[in-house]
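Tertiary structure, described
Chain by chain, the residues run as shown.
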Amino acid sequence: MRVEDIKRTYSHPLNRKRKLLSTLKYFKLGLYLRLNKSKMFVHPYIHNTKLLVGKKSTSSILQYLNRLNDFEEMALMLHFLTKDDIFVDVGANVGVYSILASGVAGATSIAIEPSDESTEIFRQNIAINNLKSRITLINCVAGNRSGQISFTKGLDAINRVTREDDLKQNTELIREDTLDNLLNSDFPSFIKIDVEGFELNVLKGAENILKRPELKIIVIETNGLSSKYQLDEVEIFALVQKH
């Protein structure tokens, strides 16, 4: 756990009135992770859903501590989605958003995650929640072209398309394709994008989807990393507004 994650836990909206409980959960989890470095356990999550939690997944640890770690974004998604909606999860990691979208809201999810390590945990999360019929998981980079692209390994939730400063990182070649190709005739009402600075290329590969009347909400995590790919975050908002 990083210092900023600990601070986030104590200041999280769902923990403000239960600081003692969140402190006890933090130390209980810390002890478990020290004693069981390679093991994961099944954690009862929101509305009868479950998540695998363990040292291999920072995302699942944060959900264990905070319940809805990205509180505003997750609350918006849960209030908006219905069983008739299609949710697209770009940069799905271990599938927390998709589990909520399909397991709680009842929507159909199409999740795109390039990392083999995260994809394996995601598949297990789908299985323990019996959501195979509602979640389609695609092991791929969503970008602005079709082909192959270099991707980092072993960085957990911050695995990413390889940048110039990633020369010392372990990498692998991964399939890349556009959202327009990957989704084909599936038109989402809600898209979430969390791809460590590669957001603009994702959107450039989704020109047809962005024009669709079904699409109502796009949630994009921008964290100042676009410049690492010689991309400009201002262009992200300009491209979305254009549609």
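As the structure is a computational prediction, the values presented were derived from the model and not from experiment.

Examining the overall build of the protein chain
- Per the secondary structure count, the protein chain includes 10 helices and 10 strands.
- In terms of overall size, the protein chain behaves like a compact globule, its C-alpha atoms giving a radius of gyration of 18 Å where 243 residues would be expected to give roughly 18 Å.
- When its C-alpha atoms are laid out on the principal axes, the protein chain stretches across 50 × 45 × 30 Å.
- Burial analysis of the protein chain (243 residues in total) assigns 50% to the buried set.

Overview of the sheet that holds strand 8 (residues 171-177)
- Pairing is mixed across the open sheet formed by three strands, whose spatial order is 6-8-7. Each of the sheet's edge strands pairs with one partner strand only, and the pair in question is strand 6 (141-142) and strand 7 (147-152).
- Pairing between strand 7 and strand 8: six bridges, direction antiparallel. Across the sheet, Ser-150 pairs through a bridge with Leu-173, a residue of strand 8.

What to know about the sheet that holds strand 9 (residues 190-193)
- The parallel open sheet is built from five strands, whose spatial order is 5-4-3-9-10. Where the open sheet ends on each side, the last strands, each with one partner, are strand 5 (135-138) and strand 10 (217-220). Mean inter-strand twist for the sheet, computed between neighbouring axes without regard to direction, equals 10 degrees.
- Across the sheet, helix 4 (residues 71-80) touches strand 3 (86-90), strand 9 and strand 10, and the angle it forms with strand 10 is around 160 degrees.

Details of the packing of helix 4 against helix 5 (residues 96-103)
- Their axes nearest at 9 Å, the elements helix 4 and helix 5 cross at an angle of 25 degrees. Between helix 4 and helix 5, the angle is such that the two are roughly parallel. Crossing hand, helix 4 versus helix 5: right-handed. Here helix 4 contributes Glu-73, Met-74, Met-77 and Leu-78 to the contact with helix 5, which in turn contributes Val-96, Tyr-97, Leu-100 and Ala-101.
- Looking at side-chain class alone, the contact of helix 4 with helix 5 contains seven nonpolar, no polar and one charged residues.

About the criteria used
- Residues numbered from 1 in each chain as written.
- Predicted model: local features only at pLDDT ≥ 70, side-chain atom pairs only at ≥ 80, totals over all residues.
- Heavy atoms only, no water.
- Helix = DSSP H or I, 4+ residues; strand = E, 2+ residues; numbered from the N terminus.
- Rg over C-alpha atoms; globule rule 2.2 N^0.38 Å.
- Buried < 20%, exposed > 50% of the residue type's maximum accessible area, 1.4 Å probe, protein only.
- Pairing = 2+ DSSP bridges.
- Axes fitted to C-alpha atoms, helices over the stretch in contact; angles between N-to-C directions.
- Contact = heavy atoms within 4.5 Å.
- Parallel < 35°, antiparallel > 145°, perpendicular 65-115°, else oblique.
- Left-handed = near helix turned anticlockwise from the far one by under 90°.
- Nonpolar A, V, L, I, M, F, W, Y, C, P; charged D, E, K, R; others polar.

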